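Spelled out from the first residue to the last, the chains are:
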Amino acid sequence: MPFRRTWRILYCHIRPHRAAIALGGLLTLIGTLTGLVQPMAAKELVGRLGGEGSITGLLVGLTVLVVAGTAISSVGAYVLERTAESVVLVARRQLVGRLLRLRMPAVERVPPGDLMSRVTSDTTLLRAVTTRSMVSAATGALTLVGAIVMMALLDPVLLGVTLGVIVLIGSALGLVLPRISKATQQAQASVGAISAALERTFGAFRTVKASGAEAREGAVIEAASREAWRHGVRAAKWQSVAMSSIGLAVQVSFLAVLGVGGARVASGTVDIATLVAFLLYLFYLIDPISHLVEAASAYQVGSAAIARMAEAEQLEVESTGGEPADGEAATPVAGPPASVAFENVSFRYGPELAPVHHGVSFTVPGGGLTAFVGPSGAGKTTVFGLIERFYEVTGGRVLVDGEDVRNWPLDRLRATIGFVEQDAPVLAGTLRENLVFAAPDATDAQIAEVLARTKLDGLVARLPEGLQTPVGHRGSKLSGGERQRVAIARALLRRPRLLLLDEATSQLDAVNELALRETVARAAESTTVLVVAHRLSTVTLADRIVVMEAGRVRAVGTHAELVSGDPLYGELAATQFLASAPESGAAGDAGVPGPGRAGSGPEGDEPDGGGPGASVPGARAAGGEVAAAGRGGPAAG
Ligand SMILES: Nc1ncnc2c1ncn2[C@@H]1O[C@H](COP(=O)(O)OP(=O)(O)OP(=O)(O)O)[C@@H](O)[C@H]1O
């Protein structure tokens, strides 16, 4: 990253803490300046040693100087370290604030573990560069100038010798410093890779174990760890070269000054006390020069971290749409069921990817249950992603309550919707925490009511700690059916005007299936429910079914209408829907027609009345076929 840009970002981090840094810097400077006087006091002491006068006063003075200098330096160091921690805190806060607003495509591009390491590990590297190294650079430069002035006063010739050696060795440093930055950036990237690999492993720990993949996952993490080690060692190597060059510069200068100075003492040009004081200053130089080099190398490390943080900050965030968000999520407001419409929507997940929706159109009036069905990959879940505005359409419009979702304030749009995703819809924490996740202000009475509606009251009564029982990471202590109902209960507590339910594809036992069916039916009485349906018991409940195939709507109608009127639907009903009765078809792709049939059915159907949905023939004759598929005829909830 260019030097000026790094500086600008650095300055932004430092600006709020200017006063504290100035105070810490001042104390450090005073502490350092007391050190600067010490060689002069030592010279005086050496000069008086052979003489008559008492040296007690001078000794006491020197002691006070040393103690006070040390105390002031420590307070200065504390102030700076404290400020550095604050810089890290603010940087983390800013970065997290931004990451939480990332758009879905950005999160899908960068592994979550890598994002995590930018928040945890990279921000930590800011600590050194923002305060200590800046102050070190400033005090180092000042004391260096001070020491050089003192040395010039003592003997300009010896100073010339010293500077000659230091400049020679110092210029070699210029070659070393950029290598520190490069190695650090690579090491941090490897740390990001370790986090990403860990996240992948522990995120699917059961699968890793069941697949016997521990050793292979371990090898991936080991490879990333070794990379981090390799680059870390390389950075350490260049850092040690940088630091030892200071020692070398001072040692060589010492020998040169001793030689030249010895000759000058012998010739009587300078006295021995002056040479001693000069040599003390020479050693005194080690500190400011080390500080300067440390600061330069910390800057290289910090700039590597800043580059990685800046990368994360450049990922696209969601535009709030409508009016600006105030940072607090909008509180859900109960209201009438919302309507939804897709108008000729086309969509692709990325510019390089194939389109997923090709002109999808349908209308869902407020209230009732609408099921989306179709072969795997038809684009059903994508419909939900577009309604929630996780992704932006590439063409056409998505309307909620007749208003383009892009014109809705994003937080209000999402406060209107309850969303139950297909996989792992339960987070860690207690059951209660999970239930009130989307509605933190929910009362106990509301929770009890929703538990009854989702038939979870029995489960809560059975659990040892009731609502306070921890559910495990991603709800691992609950059954699949319970997990899904907890997720529905959570969504319902939000009192949504629109409920999006992406049904689990897994088979449920009869109890859970019945509970789910009743929950969905009851929800549809008070809100608009859209469900990506995989089970017969759900589609038979639906007021309307949207059949999707290869990114298009091919038919809309009721189960009874479609089962005989749409061949694809007929096949899905017979072979693909999950049903609990033994004679029903098992889940699978068998018999599901391929995308070659795309476009063969009516598109842009109006679901109720006049639209092409009405053209689906063979309406009520379907009941028998449904019964043959294992369930009763269409039920009305
Ligand atoms: N985040 C994503 N990035 C890129 N492509 C995606 C993403 N999500 C889905 N897709 C692709 O978009 C297509 C439609 O996916 P979608 O999840 O909407 O299908 P679906 O009909 O819900 O399928 P299923 O019934 O199997 O859940 C698929 O081909 C899928 O591979």
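Residues numbered from 1 in each chain as written. Predicted model: local features only at pLDDT ≥ 70, side-chain atom pairs only at ≥ 80, totals over all residues.

Examining the overall build of the protein
- What the protein contains, in helices and strands, is 21 helices and 10 strands.
- Here the protein holds 637 residues, and the buried ones make up 41% of them.
- Restricting the contact set of the protein to residue pairs at least 6 apart, pairs at least 24 apart contribute 81%. (Helix = DSSP H or I, 4+ residues; strand = E, 2+ residues; numbered from the N terminus. Buried ≥ 20, exposed ≤ 12 C-beta atoms within 10 Å, placed from the backbone. Contact = placed C-beta atoms within 7 Å.)

As for the UniProt feature "transmembrane region" (unreviewed entry) in the protein
- UniProt tags residues 20-38, 58-80, 134-153, 159-177, 240-260 and 266-286 as "transmembrane region" (unreviewed entry).
- Structurally, residues 240-260 comprises 100% helix and 0% strand, and the distance from its first C-alpha atom to its last is 30 Å. (UniProt positions renumbered as here; feature names shortened; annotations may be inferred.)

A look at the environment of Ala224
- Within the secondary structure, Ala224 is located in helix α8 (residues 214-266).
- C-beta crowding within 10 Å serves as the criterion here: with 21 such atoms nearby, Ala224 is assigned to the buried category.
- Remark: the alpha-carbon pair of Ala224 and Ala196, spanning 28 residues in sequence, is separated by 9.7 Å.
- In this structure, Ala224 is in contact with Ser190, Ala193, Ile194 and Ala197, ignoring residues within four places of it in sequence.

Examining the packing of helix α14 (residues 444-453) against helix α16 (residues 480-493)
- Close contact between α14 and α16 brings their axes to 9 Å; oriented N to C, the two are set at 135 degrees. By the angle between their axes, α14 is oblique relative to α16. When you trace α14 past α16, the crossing you get is right-handed. In this structure, α14 contributes Gln446, Ile447, Val450, Leu451 and Arg453 to the contact, and α16 contributes Ala489, Leu492 and Leu493.
- Counted by class, the contact of α14 with α16 contains six nonpolar, one polar and one charged residues. (Axes fitted to C-alpha atoms, helices over the stretch in contact; angles between N-to-C directions. Parallel < 35°, antiparallel > 145°, perpendicular 65-115°, else oblique. Left-handed = near helix turned anticlockwise from the far one by under 90°. Nonpolar A, V, L, I, M, F, W, Y, C, P; charged D, E, K, R; others polar.)

Examining helix α2 (residues 18-49)
- With 32 residues, α2 should reach 46 Å at 1.5 Å per residue; the first-to-last C-alpha distance of 47 Å fits that figure.
- Those residues of α2 not exposed but buried are Ile21, Gly24, Gly25, Leu27, Thr28, Gly31, Thr32, Pro39 and Lys43. (Expected span 1.5 Å × (residues − 1).)

Considering the sheet that holds strand β1 (residues 340-348)
- Strand order in this open sheet of four strands is β2-β1-β4-β5, and the pairing throughout is antiparallel. Two strands in the sheet have a free side with no partner beyond their single neighbour: β2 (355-364) and β5 (403-404).
- Pairing of β1 with strand β4 (residues 395-400) involves five bridges; the strand directions are antiparallel. Paired with Glu343 across the two strands is Arg397, which belongs to β4. (Pairing = 2+ DSSP bridges.)

Here's the deal with the sheet that holds strand β6 (residues 417-420)
- Across the sheet, which stays open at both edges, the six strands sit in the order β6-β7-β8-β3-β9-β10 with mixed pairing between neighbours. Edge positions in the sheet fall to β6 and β10 (552-557), since each has one partner strand and no second. Strand-to-strand twist of the sheet, defined as the mean angle between neighbouring strand axes without regard to direction, takes the value 15 degrees.
- By the bridge criterion, four bridges tie strand β3 (residues 369-373) to strand β8 (residues 528-532) in an arrangement that is parallel. By the bridge assignment, Thr370 is partnered in β8 with Leu530.
- Contacts from helix α11 (residues 380-387) reach β3, β6, β7 (498-502), β8 and β9 (544-549) within the one sheet, and its direction differs from that of β7 by about 145 degrees.
- Where α16 meets the sheet, it contacts β6 and β7, and its direction lies at approximately 170 degrees from that of β6.

Here we look at the pairing of β7
- By the criterion of burial, β7 is predominantly enclosed, with five of the five residues buried.
- Neither face of β7 is exposed, since Leu498, Leu500 and Asp502 on one face and Leu499 and Leu501 on the opposite face are all buried.
- The pairing of β7 with β8 spans five bridges and is classified as parallel. By the bridge assignment, Leu498 is partnered in β8 with Thr528.

Re unusual backbone geometry
- We note that Arg495 has phi near 45 degrees; this positive angle belongs to a residue other than glycine.
- Mapped onto the fold, Arg495 is located in the loop between α16 and β7.
- Residue Arg495 is classed as buried on the basis of its C-beta count, with 21 C-beta atoms lying within 10 Å.
- Backbone geometry at Ala550 places phi at a positive 45 degrees, although glycine is not the residue there.
- Assignment of secondary structure puts Ala550 in the loop between β9 and β10.
- In this structure Ala550 comes out as buried when scored by C-beta crowding, with 21 C-beta atoms within 10 Å.

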